[in-house]
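What follows is each chain in one-letter form.
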Amino acid sequence: MKPLNRLQIAWRAAQDIGDGMVVNLGMGMPVAVADYLRPGADVFIHSENGVIGVGPLAAPEHADTDLVDAGSRRITLRRGAAIIDSSWSFAVIRGGHIDVAILGAFEVAANGDLANWDMRLPGKGPLIGGAMDLASCACAVWVIMDHVTRAGGPRLLETCTLPLTAVGCVRRVYTDLAVVDITPAGMLVREMIEGMDEAELRARTGAALTFAPDCRPLTPPPLELPVAERR
Amino acid sequence: MPIDKRFGSAPEALADIADGATVFISGFGGAGFPNGLIRALRDRAARDLTLVVNSATHRYSLTHELIEAGLVRKVVCTAARGQGREPSAFERQWMAGTIELECMPQGTFAERIRAGGAGIAAFYTPVGVGTEPAQGKEVRRFGKREYVLEQAITGDLALVRADTADRYGNLSFRYAQMNFGPVMATAAACVVAEVRAVLDEPIPHERVQLPGLYVDRIVAVGA
């Protein structure tokens, strides 16, 4: 049994992005989704700072301090890109023009509640940013995260313990162990990694799980992490 | 008299800023920080400032210099977490209770400023319903959804970074430099823009991203 690394989780989420979609990718794990879009999927990536059509990261020699995404990464623009100001960018989000927001999370609850903005770190201030707007107003919210915490505790829960980002917003969760849909009846497992069984996945999950009748193995391609991240 | 909004330097453009001012500062994601004006405001040393700024601390912004100098009474922002494990200057003062914090969703922040500049007193947004930042605020149902009542923000001064200006105060921005600049300029009584260059000829109308009627003072600071 081999859990997915963060690039493989991003790859799996990317397989569900349809041709022509407008997508927002959160900071951290989600931005890697852009690297694994299906061939032929023509996608516009929106960033909260007003860039519509984020391209690959800029080569160091072409990096421009004014051409950045919401995570301060120096980027390029794709063909057909546009740049708008912040109030318009958030009107795009609230107005329902983002097909999918893919966000990182600390916790997701069985009713789709999302907690991803405040870990209550002592001595550190809050960081809300655009997370609440995206979680509340994107047409679909998908989450990418590790299935359990570093201490081994569950992140998929009956009820979130951390402050909420938005209520009942998450539709699908991609983890290093499984793909789980949030349905009106709770969490439905669509895929899980080879070697994992239902009892084992339940033991690592803090909410009731139902397994889809056609639950499939989650089999990513081999994708190597950068050397510095390998354990 | 022909209109000419050019000032010779950042200190001259901020010479009349008073204690207690509410100050918007543009910039987000590493672009559009008016760092020349921020430093001049620190040197001006007006006290008890309320900063309305996306990030209380950002590694490419000099906002922290105003905070370290003890000039700031309150920060209104969307992100108050400093880089790294050690508390930032803002976090130290916030924990000590010497600086007040109002932190909110970024779209709510932008829209409250937009409302302030557009003559709208308050509005209902779906963002934040059921979360801590919305606690105590009026919630009202329209159709199938609940919305939180949010009020407009206005201010005394906006510091904005743009790429080019003309003597009329028209501004043009590079790439993602725009971010909060235009909307902040609509909501402040006095708007000071720092730009890479002031052009001799007017900016062609189709390239004007913020019309000069919003901008009071222009300072060229270079790249």
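Position numbers for residues count from 1 along each chain, tracking the sequence in the order it is written. Following the order in which they are written, the chains are lettered starting with A and the ligands numbered starting with 1. Thresholds applied to this predicted model are a pLDDT of at least 70 for local features of residues and 80 or more for the giving and counting of side-chain atom pairs; totals over whole chains, interfaces and linings are not thresholded and use all residues.

This part is about the overall build of chain B. A tally of regular secondary structure across chain B gives 6 helices and 11 strands. Against the globule reference of 17 Å for 223 residues, chain B gives a C-alpha radius of gyration of 18 Å, in line with a compact fold. Taking the principal axes of its C-alpha atoms as reference, chain B extends roughly 55 × 45 × 30 Å. Looking at chain B residue by residue over its 223 residues, the buried ones come to 52%. Put simply, DSSP H or I for four residues or longer makes a helix, DSSP E for two residues or longer makes a strand, and each gets a number counted from the N terminus. Each radius of gyration is computed over the set of C-alpha atoms, and the globule rule expresses the reference value as 2.2 Å times the number of residues to the power 0.38. In this scheme every C-beta is placed from the backbone, and a residue whose C-beta has 20 or more other C-beta atoms within 10 Å is buried, one with 12 or fewer is exposed, and one in between is partly exposed.

Let us now look at unusual backbone geometry. In the Ramachandran plot, Ser72 of chain A falls in the positive-phi region, its phi being about 65 degrees despite a non-glycine side chain. Within the element layout of this structure, Ser72 of chain A appears in the loop between strand E3 (51–57) and strand E4 (75–83). In this structure, Asp48 of chain B takes a positive phi of about 55 degrees despite not being glycine. Within the secondary structure, Asp48 of chain B sits in the loop between helix H2 (35–44) and strand E2 (49–53).

Time to look at the interface of chain B and chain A. Interfaces are often sized by the amount of accessible area the parts lose when they come together. Note that contacts rest on C-beta atoms placed from the backbone: two residues are in contact if these are within 7 Å. Opposite the 42 residues of chain B that make contact, chain A presents 37 residues. Looking at the side of chain B that touches chain A element by element, the count peaks at 5 residues for helix H5 (residues 106–118) of chain B. Under the grouping applied here, Gly and all other residues not named as nonpolar or charged are polar, the nonpolar ones being Ala, Val, Leu, Ile, Met, Phe, Trp, Tyr, Cys and Pro and the charged ones Asp, Glu, Lys and Arg. In terms of residue class, the side of chain B that touches chain A is built from 24 nonpolar, 12 polar and 6 charged.

All names here are of chain B. Sheet architecture is open: 3 strands sit in the order E5-E7-E6, paired in antiparallel fashion. Each edge of the open sheet is held by one strand with a lone partner, namely strand E5 (122–125) and strand E6 (139–142). In this sheet, neighbouring strand axes are inclined to one another by 40 degrees on average, regardless of whether the strands run parallel or antiparallel. Axes, fitted as lines to C-alpha atoms, cover a helix only where it is in contact. Angles between the N-to-C directions of the axes lie from 0 to 180 degrees. Across the sheet, H5 touches E5 and strand E7 (145–151), and the angle it forms with E5 is around 150 degrees. When DSSP finds two or more bridges between two strands, those strands count as paired.

A few words now on the pairing of strand E13 (residues 209–218) of chain A. Residue and element names in this part refer to chain A. Note that strand E12 (residues 186–193) and E13 share 6 bridges and pair parallel. Counted as the bridge partner of Met187 is Leu209 from E13. Where the polypeptide runs from E12 across helix H4 (residues 198–203) and back to E13, its parallel neighbour, the crossover connection is right-handed. By definition, the crossover connecting two strands over a helix is right-handed if that path, from the first strand to the second, turns clockwise as seen with the strands pointing away from the viewer.

Turning our attention to the sheet that holds strand E7 (residues 114–115) of chain A. All names here are of chain A. Strand order in the open sheet made by the 3 strands is E7-E6-E9, with mixed pairing throughout. Taken across any chain shown, the strands that pair with only one partner, and hence form the sheet edges, are E7 and strand E9 (156–157). Bridge count for strand E6 (residues 107–109) against E7 is 2 bridges, and the pairing is antiparallel. Following the sheet pairing, Val108 is matched in E7 by Leu114.

So, about the pairing of strand E11 (residues 178–183) of chain A. Residues and elements named next belong to chain A. Direction of pairing for strand E10 (residues 170–174) relative to E11: antiparallel, over a ladder of 3 bridges. Opposite Val173, over in E11, you have Val180 as the bridge partner. Between E10 and E11, which pair antiparallel one after the other, the connecting turn spans 3 residues. In terms of strand pairing, E11 meets E12 through 6 bridges, oriented antiparallel. Bridged to Val180 within E12 is Val189.

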